[in-house]
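# Chains, contacts and geometry: an overview
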Amino acid sequence: MAESFPPSTKKQERRGTMSSSSGPLTEELQCSICLDVFTDPVSTPCGHNFCKTCLNKCWDNSQTCNCPYCKETFKHRPDLKINTTLREIVDHYKKKSPEKKAEVLCDFCEERKLKALKSCLVCQSSYCETHLETHLRVAGLKKHKLINPVSNLEDYICQKHERPLELFCRDDQTCVCPMCALKDHQNHDTVSLEEESEEKKTQLMKTQKDTQQMIQDRIKKIQDVKHSAEVRKRNTEKEKAARVELFTDLIRSIERCQTELLEMMEEQQKAAEKQEEELIEELEQEITELKMRNTELEQLSHTEDHLHLLQIYSSLCSSRNTRNWSEISVKTDESLETLRRALTKLQDSLQEKLTQTVSTELKRRQQYAVDVTLDPDTAHPKLILSDDGKQVRCGDIRQKLPDKPERFDPCVIVLGKEEFSSGRFYFEVQVKGKTKWTLGVARESINRKGSITPRPSNGYWTVVLMNENEYKAGADPTVSLCVRVKPQRVGVFVDYEEGLVSFYDVESSSHLYSFTDQSFTGKLYPYFCPCFNDGGKNSTPLIITPVNYNK
């Protein structure tokens, strides 16, 4: 039968060593059988707690089931369930109060064992200061290998030759004894543990230094990100305020033009109504006169006064000096023409305001201009790059270039060297004289071999010119663009955090297209496709141009 230990015996002895370091809560979390902190605690029907394994072992070795603490006997062996609440408390306690490393005691103290000062790898024993004296005095013992006291001496001894592990084999990266070095590790690069340890310490110090530098770099990166976020927030607030001001001005202009248009239409309506009233009045006057004349003619046609009839006949038959009403009409199209002129004026005014708005927006975008150069390692073999990396055109001959993974083939594409994974950036490209081109940005992870469909789902955000005058945005699906004038220079702006890619006609300060609410991951690169030269028709190069801030 297994013994049970109430708290008045072993537990009291153990309490003296644990309570001082772990606090009074420790004994409440101790199993009274093993005297250690609970492992998978279970509760008996009488309310006492034990380790599940300890209690099961106790009952397995007994014919009766009773509480090891209070001795209460149970008729039937209880079905033990882990006390989850107590286990959580124990786990929390273990995290807060990890066990301290046990002290190594002298193997030769008979009564009260003292703390060991050294351990001998030859004797495989640990010694206090008193019992170590012979190792420091006797010549034969002075040769023994002494180390700081350890409880696991067997780990420092070669299990094959029972000799201290004094050497390190660099070929096999393992600790060996002198016999191992002579037999199993002959001709290997072996050094003393001290030498290898010092080298490893040097490496660790370098690693520690590198780690500290990495920590500092990341702290600085956090500061940079926070600073960038603050700057972006301030810039966004400024831009929002500027846009509100611009669009408020635009709305006021629209309202003013609308008022002018309505007033003009009202004046035109009043003038038309006055003209109509005057015409009607004149017509009614003539009708009255004609009716009187008609009555007079009716009377004379039955008169017997022949002399009077002959005297006034000439005056009655002569034509009256009246208007030729067949030539007079009410011109209803005059008001329509007035409306057209007013609408044209409004449209011109709105277009002017819109151009001013886009121009202001473009100037703000240009403040984020970056210096972009073409990356020859990504260029298709038919592409010809200028020495300064600012121009690209498509030739007829395929150059012999290394087939690198980053090189595009068969699509005639080249990326910029510069990578962007945060913030805002802007660049401009001259497209004058070309009949086909594609511009924009692309994700680093895009497919560079085989056919390519530039669209956001494939990692491309681009605008395309086809067939000399067909402009399209490579969206999902493709969007046809209405372009008033043929762009000579195209500006590309990206706001990484906002998920925005915008394209502008720089010369006319007009907006071409924007991809909004995009989700960027990884690095973005400027994207250029001059397209095939079509027998010289499209041989003009794409040219990365400096940004003119004062335009």
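Now for a quick tour of the structure. (Residues numbered from 1 in each chain as written. Predicted model: local features only at pLDDT ≥ 70, side-chain atom pairs only at ≥ 80, totals over all residues. Heavy atoms only, no water.)

## Some points on the nonpolar core
Ranked by size, the top nonpolar core spans 49 residues in total, and within it Trp437 and Phe528 carry the most contacts. The element contributing the most residues to this core is strand 22 (residues 524-529), with five residues. Non-local contacts of Trp437, meaning those with residues more than four positions away in its chain, are made with Val431, Val463, Val464, Leu465, Tyr471, Val490, Cys529, Cys531 and Leu542. (Core = buried A, V, L, I, M, F, W, Y, C linked by side-chain atoms within 4.5 Å. Buried < 20%, exposed > 50% of the residue type's maximum accessible area, 1.4 Å probe, protein only. Helix = DSSP H or I, 4+ residues; strand = E, 2+ residues; numbered from the N terminus. Contact = heavy atoms within 4.5 Å.)

## Some thoughts on the sheet that holds strand 19 (residues 489-495)
Judged by pairing direction, the sheet is antiparallel, and its seven strands sit side by side in the order 11-12-23-14-19-20-21 without closing on themselves. Here the strands that pair on one side only, and so sit at the sheet edges, are strand 11 (383-385) and strand 21 (510-515). Within the sheet, the average angular offset between the axes of one strand and its neighbour, ignoring direction, is 20°. Across seven bridges, the pairing between strand 14 (residues 424-430) and strand 19 is antiparallel. Residue pairing across strands places Phe427 opposite Val492, the latter belonging to strand 19. (Pairing = 2+ DSSP bridges. Axes fitted to C-alpha atoms, helices over the stretch in contact; angles between N-to-C directions.)

## Notes on the state of the cysteines
Covalent bonding between the sulfur atoms of two cysteines is what defines a disulfide. Under the defined criterion, the tally for this structure stands at zero disulfides. Free of any disulfide, Cys31 has its nearest neighbouring cysteine sulfur in Cys51, separated by 4.0 Å. For Cys31, a relative accessible area of 0% gives the class buried. You can see Cys128 has no disulfide; the closest cysteine sulfur is in Cys106, sitting 3.7 Å from it. (Disulfide = S-S within 2.5 Å.)

## With respect to the pairing of strand 23 (residues 542-545)
By the alternation rule, side chains of strand 23 split into Leu542 and Ile544 and Ile543 and Thr545, which are all buried. Bridge count between strand 12 (residues 391-394) and strand 23: two bridges; the pairing is antiparallel. For Gln391, the partnering residue across the bridge sits in strand 23 and is Ile543. Relative to strand 23, strand 14 runs antiparallel, the two sharing three bridges. Bridging across to strand 23, Glu428 finds its partner in Thr545.

## Focus: the side chain of Arg489
Looking at where Arg489 falls in the secondary structure, it is placed in strand 19. Side chain to side chain, Arg489 and Glu428 meet in a polar contact 3.1 Å long. With sequence-adjacent residues up to four places away left out, Arg489 is seen in contact with Glu428, Val429, Gln430, Val431, Tyr504, Asp505, Val506, Glu507, Thr545 and Pro546. (Polar contact = N/O pair within 3.5 Å; in protein donor to acceptor, adjacent residues only side chain to side chain.)

## Considerations on unusual backbone geometry
Geometrically, the link from Asp409 to Pro410 is a cis peptide bond, its omega value of 15° lying close to zero. Residue Pro477 is reached from Asp476 by a cis peptide bond, and omega for that bond is 0°. Among the structural elements, Pro477 can be located in the loop between strand 17 (470-473) and strand 18 (479-480). Of note in this structure, Asp517 is not a glycine but carries a positive phi near 55°. Take Asp517: it is sitting in the loop between strand 21 and strand 22.

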